[in-house]
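These are the residues of each chain, in order.
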Amino acid sequence: MKNLLKMSDLSPAELTHILDVADQLKADCKAGRTAPLLAGKSVALLFSKASTRTRTSFEVGVYQMGGLGNYMNTAELQAGRGEPLRDTARVLGRYYDCAVWRTYRQRDLEELAELSGIPVINGLTDYAHPCQVLADLMTIRERRGTLAGLKLCFVGDGSNMANSLIVGGLLAGMQVSCVCPPGYRPAADVLMFAHKYGNAFHLTTDPAEGLRDADIVATAAWNTTAPGTAESEQRLRDFVGFQLTGRLLENAKPDALVLHCLPAHRGEEISTALFEQHADEIFDEAENRLHVQKAVLAVLLAVVTEDEKALTAANGIGKKIAQRVILELKDKLAREEALGGTSVKGGAPAMAAVPHSKKNEAQSALAVLGYGSAEIAAALKDIDMEALTLEDIIRQALKRMMK
Ligand code: CP
């Protein structure tokens, strides 16, 4: 992964890895531990549109990681007076280690990435909102313990949030349904991507049909133009019947989560009562923007820039994950031992004493992270099991799977 311009830049393994790193960084943050993973690094925070969550979560996140996050309203740069993007991009690439940009056209974001030569993160375009969707997936996994097999239903405009939720949900192994009024379908390339997932994806104009048995229901504002304009008035007419209400939610599972990326337009895409009923998960979702974006920065900078500091950061992250999965595995083995089961021979106390079992231990630990057996076997191939510690074996395998 060189950039995060859209959800399809991620493989399923990279998506899982970012969520795992985000969980770790959130736990560290709550425990008052912060690692200066971005020490000496500068991140350009470019905004061509208003933002509360994206701007402030990146500012706070970069600060917590020991880096410099430099907010710039692009209207106040020379770009706002006509300097071409291709020149701005080449200049910023010489000062910064990474850039986040909220803008309109996806093509402009791609041009920034191509010409700046530094990793670029999409802070929202008309086409995609990957940071938001990573936070959504993190929130769902936190509350449900898994993503695979759950049904996610998006109701609203088939624009950036729909595009990114469809791709992100399918990459994570979810069933995805998308409910949009006629004329507000998701992007054609997203529908082509979804088509490859067969019955796991469903597009409809019927809210009751799309919501049926949903585990998670998400929506987003669809009326963002100025009140009273012709477009705003047209949208108010086109979206009649698409407002998330308690009545509409009766089609979903009784314990369905409701997500909203915010800002919420109560009385338009969601009723006030339903919003307040689900405020806990909605504001967890907003909080998780901070943690997941820190994970994106850590992974992206560590993978893309190959200087020593970045690699140290990558190793630090990998080590933490390796330690966590070993602890999880030890817990699991201890529980199985207490129940008389022996799914991995030897049990937890034998881990250090029986070197030839390190491969098994590493396989089990990586499986805890959700990787498949073929992927794990390929990642462990030719690793020197005798010479390396279990932690280093897992770290090397994780790095290979991230490539
Ligand atoms: N959800 C979201 O991107 O919020 P902001 O527009 O406040 O950044």
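Every residue gets a number counted from 1 within its own chain, in the order that chain's sequence is written. Note on the predicted model: pLDDT of at least 70 is required for a residue's local features to be given, and 80 or more for side-chain atom pairs to be given and counted; whole-chain, interface and lining totals, by contrast, use all residues. As a rule here, side-chain values come from all non-hydrogen atoms in the structure, and water together with hydrogens is ignored.

Here we take up the site of the ligand. Neighbouring the ligand are the residues Ser51, Thr52, Arg53, Thr54, Arg102, His129, Gln132, Cys261, Leu262 and Arg289. Pairs of N or O atoms are called polar contacts if they sit within 3.5 Å, as long as, within protein, a hydrogen donor faces a hydrogen acceptor (for residues adjacent in sequence, only side-chain-to-side-chain pairs). Ser51 has a polar side-chain atom sitting 2.6 Å from an oxygen atom of the ligand. Within the contact set of the ligand, an oxygen atom lies 2.7 Å away from a side-chain nitrogen or oxygen of Thr54. Residue exposure ignores everything except the shown protein chains as possible cover, and the areas themselves are Shrake-Rupley values with a 1.4 Å probe. Protein contact buries 92% of the 250 Å² of open area that the ligand shows by itself. Of the residues in the shell around the ligand, the class split is 2 nonpolar, 5 polar and 3 charged. Neighbouring residues are identified by heavy atoms, a residue being near a molecule or strand if any of them is within 4 Å of it. Amino acids outside the nonpolar list (Ala, Val, Leu, Ile, Met, Phe, Trp, Tyr, Cys, Pro) and the charged list (Asp, Glu, Lys, Arg) are all regarded as polar, and Gly is one of them.

Moving on, we come to the sheet that holds strand β8 (residues 216-219). Strand order in the open sheet made by the 5 strands is β7-β6-β5-β8-β9, with parallel pairing throughout. The sheet is open, and its two borders are formed by β7 (201-204) and β9 (257-260), each paired with just one other strand. For this sheet, the mean inter-axis angle between neighbouring strands, taken without regard to orientation, is 15°. Strands are labelled as partners when DSSP assigns at least two bridges between them. A run of DSSP states H or I qualifies as a helix once it reaches four residues; a run of E qualifies as a strand once it reaches two. Both are numbered from the N-terminal end. Relative to β7, strand β6 (residues 175-179) runs parallel, the two being bridged by 4 bridges. Paired with Val176 across the strands is Phe201, a residue of β7. We call two residues in contact when some of their heavy atoms are within 4.5 Å. In this description, a line fitted to the C-alpha atoms serves as the axis of each element, helices being fitted only across the stretch in contact, and the angle between N-to-C directions of two axes falls anywhere from 0 to 180 degrees. In the packing of helix α5 (residues 130-144) onto the sheet, contacts are made with β8 and β9, and the angle to β9 comes to roughly 160°.

This brings us to the pairing of strand β5 (residues 151-155). Only protein chains enter the calculation, and the probe is 1.4 Å; a residue is then buried if its accessible area is under 20% of its type maximum, exposed if over 50%, and partly exposed in between. Among the 5 residues of β5, 5 are classified as buried, and the element is accordingly described as predominantly covered. The alternating pattern of β5 places Lys151, Cys153 and Val155 on one face and Leu152 and Phe154 on the opposite face, and all of these are buried. Bridge count between β5 and β6: 5 bridges; the pairing is parallel. Looking across to β6, one finds that Leu152 is bridged to Val176. A crossover counts as right-handed when, viewed with the strands pointing away from the observer, the path leading from the first strand over the helix to the second turns clockwise. Note that the unit made of β5, helix α6 (residues 160-171) and β6 has a crossover that is right-handed. Sheet analysis places β5 next to β8, joined by 4 bridges and oriented parallel. Bridged to Cys153 within β8 is Val217.

As for its placement among the helices and strands, Ser116 is situated in helix α4 (residues 106-116). When its relative accessible area of 10% is taken as the criterion, Ser116 is described as buried. At 2.7 Å, the side chain of Ser116 and the backbone oxygen of Leu112 are in polar contact. Beyond its immediate stretch of four places on either side in the chain, Ser116 contacts Ala89 and Gly93.

This next bit is on the pairing of β6. Counted residue by residue, β6 has 4 buried out of 5 residues, so it is predominantly covered. Note that the unit made of β6, helix α7 (residues 188-195) and β7 has a crossover that is right-handed.

Moving on: the environment of Arg289. Locating Arg289 in the fold gives a position in helix α12 (residues 279-304). Counting along the chain gives 233 residues from Arg289 to Thr56, while the straight-line C-alpha distance between them is 9.7 Å. Apart from the residues within four sequence positions on either side, Arg289 is in contact with Arg53, Thr54, Ser57, His129, Cys131, Gln132 and Ala135. Polar side-chain contacts of Arg289 include one of 2.8 Å to the side chain of Gln132.

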